[in-house]
Amino acid sequence: MRPSWITIGMVIAALAVHVITPLADALRFERLLMDDEPWRLFACHLVHFNTAHLFWNCLVFAVAGTLLEQRSSREFVITVGVTIIAIGPGLILGDPGLGTYCGLSGIGAACIASVAYRGVIDRANRTIWLIVAFLLISKITMEFLQPQPLLAGDTATFRSVPLAHAIGILAGVLSSSLFRVRPSDTDVGNLGLDSLAR
C-alpha cells in the first residue's frame, strides 16, 4: 500500500492552520468578508472551531481520504476539488443565515460517499458499504433535526451545517460515477476490507 500523500498533506495543513490563529482567522468562511476576500470560500475547509472539531474531522477525512486515494489518486483529486468548489457557493446560496463555516467534514463526507458508491456499484463488499451509506445519511439527517454538531465536543458554540455534508455526498457520488477505472483499482477488497465481509 503506497502512502496517501495528498490526504496526509491536507491533514497536516489543517493541523498547522489550527495552531496558527492569524492564518485560521484569514481562511475561515465569513459571509460578510466574502466580497473582498473570496479565497475564504475554498480555503475554509482547513480551519476548525476547536480541538474536538479538528480531531473528528481529521480522523474521518484521514480514513476516508486514504481509502479513496489508494483506490485512485486521480479520482481523489477530482472528488476533493469538486467538493471544495461546490461547498462554499452552495452554502452562500442555500443557507442565507449562515455567517461562518469551516472544517474538513464536507470533504470527508464526499470521500466516504465516493468509496461507498463505488463499493455498492461494483459489488465489492456491498453490504458493508450499504451500511456505511445508511449511517452517513442517518448522521446528516440527525444534524438537520438538531442545531448542535454531533462530533465537536459538548461545549461547541457553533451550529452544524448539514448542507455542507449533503453537498459533499452529492459531489462524491457524482465524481465517482464519472470514473471507469480498472477493476483492480476499484476493488475495495484490495484495501483490506474483504476480510470484514467474511
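Preceding block: the structure.
None of the values given here were measured: they were computed from a predicted structure.

Caption draft 1: Quick peek at the overall build of the protein chain. If you tally the helices and strands in the protein chain, you get 9 helices and 2 strands. N-terminal to C-terminal, the α/β element order of the protein chain is α-α-β-α-α-α-β-α-α-α-α. By the burial criterion, 45% of the 198 residues in the protein chain qualify as buried. Counting only contacts in the protein chain whose residues sit at least 6 apart along the sequence, the fraction spanning at least 24 positions is 75%. Carbon and sulfur atoms make up 69% of the accessible area of the protein chain, which totals about 10000 Å².

Caption draft 2: Region of interest: a nonpolar patch on the surface. A cluster of nonpolar side chains, namely Phe 55, Trp 56, Leu 59 and Val 63, defines an oily patch on the protein surface of about 370 Å² accessible area. Here Phe 55 shows up in helix α4 (residues 51–71).

Caption draft 3: Geometry of the packing of helix α5 (residues 73–94) against helix α6 (residues 105–121). The interhelical angle for the contact between α5 and α6, taken along N-to-C directions, is 135 degrees, at an axis separation of 9 Å. Overall, the two elements α5 and α6 adopt an arrangement that is oblique. Between α5 and α6 lies a crossing whose hand is right-handed. Residue-level inspection shows Glu 75, Phe 76, Thr 79, Val 80, Thr 83, Ile 84 and Ile 87 of α5 in contact with α6, the latter providing Gly 106, Ile 107, Ala 110, Cys 111, Ser 114 and Arg 118. Here the residues of the contact of α5 with α6 sort into 7 nonpolar, 4 polar and 2 charged.

Caption draft 4: View of the nonpolar core. Met 10, Phe 61, Phe 76, Leu 104, Ile 107, Cys 111 and Leu 136 are the most contacted members of the largest nonpolar core, which totals 24 residues. For this core, the elements supplying multiple residues, two or more each, are α1 (5–19), α4, α5, α6 and α7 (126–145). For this core, the leading source of residues is α6, giving 8 residues. Once residues within four sequence positions are removed from consideration, Phe 76 is found in contact with Ile 6, Thr 7, Met 10, Phe 61, Gly 65, Leu 68, Glu 69 and Cys 111. One finds Ile 87, Leu 91, Val 161 and Ala 164 within the second-largest nonpolar core, a separate group that totals 11 residues.

Caption draft 5: Up close: α7. An ideal rise of 1.5 Å per residue puts 28 Å on 20 residues; α7 measures up with 29 Å between its terminal C-alpha atoms. All of the buried residues along α7 are Trp 129, Leu 136, Ile 140 and Glu 143. For α7, the angular spread of the buried residues around the axis is 55 degrees, confining them to a single face. Residues Thr 127, Phe 134, Leu 135 and Leu 145 are exposed on α7 and point more than 90 degrees away from its buried face. Elements that come into contact with the buried residues of α7 comprise α4, α6 and α8 (162–177).

Parameters and conventions
Residues numbered from 1 in each chain as written. Predicted model: local features only at pLDDT ≥ 70, side-chain atom pairs only at ≥ 80, totals over all residues. Heavy atoms only, no water. Helix = DSSP H or I, 4+ residues; strand = E, 2+ residues; numbered from the N terminus. Buried < 20%, exposed > 50% of the residue type's maximum accessible area, 1.4 Å probe, protein only. Contact = heavy atoms within 4.5 Å. Areas by Shrake-Rupley, 256 points an atom, 1.4 Å probe, with all protein chains shown as cover. Patch = residues over 30% accessible without salt bridge, like charges linked within 9 Å, V, L, I, M, F, W, Y side chains within 5 Å. Salt bridge = Lys/Arg side-chain N within 4 Å of Asp/Glu carboxyl O. Axes fitted to C-alpha atoms, helices over the stretch in contact; angles between N-to-C directions. Parallel < 35°, antiparallel > 145°, perpendicular 65-115°, else oblique. Left-handed = near helix turned anticlockwise from the far one by under 90°. Nonpolar A, V, L, I, M, F, W, Y, C, P; charged D, E, K, R; others polar. Core = buried A, V, L, I, M, F, W, Y, C linked by side-chain atoms within 4.5 Å. Expected span 1.5 Å × (residues − 1). Arc of directions from axis to C-beta.

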